[in-house]
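Architecture and fold: a report
The residues making up each chain are set out below.
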Amino acid sequence: MTKPLAIVFFEKLVPGNRLGHRLADLGWRVTEVKVATDLVAQARDQRPLLIIAELALRTGDLCPIIAELARTPETSHVPVLGYGDPKNKKLVDAAVKAGARLVAAETGILDQLPQLLEHVLAVD
């Protein structure tokens with residue numbers, strides 16, 4: 001059986017780079033997307049089971065991209081697990097409103113990843 005695919009988008013190397021390694025350790029295939037604006041096209045083409053994305057970008061806003069993922073028929077079913085600073089309530093709320101299924105704290109995402117995956121992939 002083929003391993004499930006996760007797309008990971010990040011700008012900061014830590015924890016972004018480590019997320020890919022942690023997912024691989026958990027039995028996932030991982031594709032890293034380096035440019036936020038490529039996320040929708042990559043998700044459409046690769047058909048991942050999950051997208052994990054850093055929310056706080058140095059340039060730009062990820063929330064419109066999350067909203068586009070939610071609107072696009074080929075990607076609307078793919079859950080987005082966002083991560084960032086939980087103290088930035090405005091960004092967390094905007095990401096959830098845009099369509100992120102779950103937003104995790106950047107500082108704990110690596111340790112809590114198995115539980116977060118279970119939660120974000122749960123079928124309603």
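Let us look at the structure shown here.

Rules behind the numbers
- Residues numbered from 1 in each chain as written.
- Predicted model: local features only at pLDDT ≥ 70, side-chain atom pairs only at ≥ 80, totals over all residues.
- Heavy atoms only, no water.
- Helix = DSSP H or I, 4+ residues; strand = E, 2+ residues; numbered from the N terminus.
- Buried < 20%, exposed > 50% of the residue type's maximum accessible area, 1.4 Å probe, protein only.
- Contact = heavy atoms within 4.5 Å.
- Areas by Shrake-Rupley, 256 points an atom, 1.4 Å probe, with all protein chains shown as cover.
- Lys, Arg positive; Asp, Glu negative; His and termini not counted.
- Charge placed at Lys NZ, Arg CZ, Asp CG, Glu CD.
- Pairing = 2+ DSSP bridges.
- Axes fitted to C-alpha atoms, helices over the stretch in contact; angles between N-to-C directions.
- Expected span 1.5 Å × (residues − 1).
- Bend = angle between axes of the 7 residues up to and from the residue.

1. Observations regarding the overall build of the chain
Across its full length, the chain carries 5 helices and 5 strands. The secondary structure elements of the chain, listed N-terminal to C-terminal, are β-α-β-α-β-α-β-α-β-α. When burial is assessed residue by residue, the chain has 44% of its 124 residues classed as buried. For the chain, restricting intrachain contacts to residue pairs at least 6 apart in sequence, the fraction spanning at least 24 positions comes to 68%. Carbon together with sulfur atoms contributes 52% to the accessible area of the chain, which is approximately 7,000 Å² in total. In the chain, the 15 positive side-chain charges and the 15 negative ones have mean positions that sit 1 Å from each other.

2. Section: the sheet that holds strand β4 (residues 80-84)
With parallel pairing, 5 strands are arranged side by side in an open sheet as β2-β1-β3-β4-β5. Looking at which strands have only one partner, the edges of the open sheet turn out to be β2 (29-33) and β5 (102-105). Neighbour-to-neighbour, the strand axes of this sheet turn through a mean angle of 20 degrees, independent of strand direction. Here β4 pairs with β5 via 4 bridges, running parallel. Opposite G84, over in β5, you have A105 as the bridge partner.

3. A look at helix α5 (residues 109-121)
In this model, α5 (13 residues) spans only 15 Å end to end at C-alpha, well below the 18 Å of a helix rising 1.5 Å per residue. The largest bend in α5 is about 45 degrees, located at Q115. Those residues of α5 that fall on the buried side of the exposure criterion are I109, L113, L116, L117 and V120. Tucked into the core, α5 has its buried residues touching α1 (13-25), β3 (50-54), β4 and β5.

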